[in-house]
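An overview of the molecular structure
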Amino acid sequence: MHRLRRQTYREIAAEIGIREQGVEYHMMRALSRCRKAVAFQRW
């Protein structure tokens, strides 16, 4: 939602019913997993 719709964390939090910090936490986890997956594929 943040990357595709250009929504702020605040807008996403309001839409899905969680705190803004929760959105930030999930974004950080998702991006970390994506980075690890890309790094693993380079081997």
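As a reminder, the structure under discussion sits directly above these lines.
Remember, predicted model here, so these are calculated numbers, not experimental data.

Quick look at the pattern of salt bridges now. Between side chains of opposite charge, a pair can form as their charged atoms come close. Under the defined criterion, the tally for this structure stands at two salt bridges. Notably, a salt bridge pairs E15 with R5, separated by 3.2 Å at the nearest N-O pair. Residue E15 is found in helix α1 (residues 9-16), and its partner R5 is found in the segment before α1; the two are separated by ten residues along the sequence. Taking the relative accessible area as the measure of exposure, R5 reaches 51% and is therefore exposed. Between E20 and R10 there is a salt bridge, with the nearest N and O atoms lying 3.5 Å from each other. Linking E20 in helix α2 (residues 20-41) with R10 in helix α1, this pair joins segments that are ten residues apart in sequence.

What follows is about a nonpolar patch on the surface. Nonpolar side chains collect at one region of the surface, where M1, I16 and I18 lie side by side and expose about 240 Å² of accessible area between them. Mapped onto the elements of the fold, M1 is located in the segment before α1.

Where α1 contacts α2, the axes come no closer than 8 Å and their chain directions differ by 105°. Our classification of the angle between α1 and α2 gives roughly perpendicular. Note on element contacts: α2 touches α1 through E20, V23, E24 and M27, opposite Y9, R10, I12 and A13. Among the residues making up the contact of α1 with α2, the classes are represented as five nonpolar, no polar and three charged.

What counts and what doesn't
- Residues numbered from 1 in each chain as written.
- Predicted model: local features only at pLDDT ≥ 70, side-chain atom pairs only at ≥ 80, totals over all residues.
- Heavy atoms only, no water.
- Salt bridge = Lys/Arg side-chain N within 4 Å of Asp/Glu carboxyl O.
- Helix = DSSP H or I, 4+ residues; strand = E, 2+ residues; numbered from the N terminus.
- Buried < 20%, exposed > 50% of the residue type's maximum accessible area, 1.4 Å probe, protein only.
- Patch = residues over 30% accessible without salt bridge, like charges linked within 9 Å, V, L, I, M, F, W, Y side chains within 5 Å.
- Areas by Shrake-Rupley, 256 points an atom, 1.4 Å probe, with all protein chains shown as cover.
- Axes fitted to C-alpha atoms, helices over the stretch in contact; angles between N-to-C directions.
- Parallel < 35°, antiparallel > 145°, perpendicular 65-115°, else oblique.
- Contact = heavy atoms within 4.5 Å.
- Nonpolar A, V, L, I, M, F, W, Y, C, P; charged D, E, K, R; others polar.

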